[in-house]
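Architecture and fold: a report
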Amino acid sequence: LFQRFDVDGDGFLYSEELKTFATEMGFEGSDSEWSQEYVMICTEVGCDPTRGLDFRGFSRMVDDEEAGYLEDEELAEILKGA
């Protein structure tokens, strides 16, 4: 799943790459709202917003029951769309 959104293949999901994921998950906010959300997500999972989320940070995000937790079925649906 991480590799699907890591468009440039650098091992990090920067703001626009992660926004693609967030949009698929239902995010409908403005660019300004996304910028704030992105910084908050990075901070919560311990990643530097200037570098983006690495695989570990992304995994923490999707496994966090209070944030972006995804059931296995949801992950499978996203992967089917790849």
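Our subject is the structure that appears above.
A short tour of the structure in this document, coming up. This is a predicted model, so every value here is computed, not measured.

Okay, the overall build of the protein chain next. Secondary structure summary: the protein chain contains five helices and zero strands in total. Element order for the protein chain, N to C, with α for helix and β for strand: α-α-α-α-α. For the protein chain, the exposed area adds up to about 5300 Å²; of that, 48% sits on carbon and sulfur atoms.

Right, let's talk about the nonpolar core for a bit. Leu13, Leu18, Phe21, Leu53, Phe58 and Met61 are the most contacted members of the largest nonpolar core, which has 16 residues in total. Elements that contribute at least two residues to this core include exactly α1 (2–5), α2 (15–24), α3 (31–45) and α4 (55–63). Of all the elements, α3 adds the most residues to this core, at five residues.

Enumeration over the complete set of coordinates arrives at zero disulfides. The thiol sulfur of Cys42 is not disulfide-bonded, and the nearest other cysteine sulfur, from Cys47, lies at 6.0 Å. Cys42 sits in the buried class, given a relative accessible area of 0%. Owing to a relative accessible area of 11%, Cys47 belongs among the buried residues under this scheme.

Cut-off values and rules
Residues numbered from 1 in each chain as written. Predicted model: local features only at pLDDT ≥ 70, side-chain atom pairs only at ≥ 80, totals over all residues. Heavy atoms only, no water. Helix = DSSP H or I, 4+ residues; strand = E, 2+ residues; numbered from the N terminus. Areas by Shrake-Rupley, 256 points an atom, 1.4 Å probe, with all protein chains shown as cover. Core = buried A, V, L, I, M, F, W, Y, C linked by side-chain atoms within 4.5 Å. Buried < 20%, exposed > 50% of the residue type's maximum accessible area, 1.4 Å probe, protein only. Disulfide = S-S within 2.5 Å.

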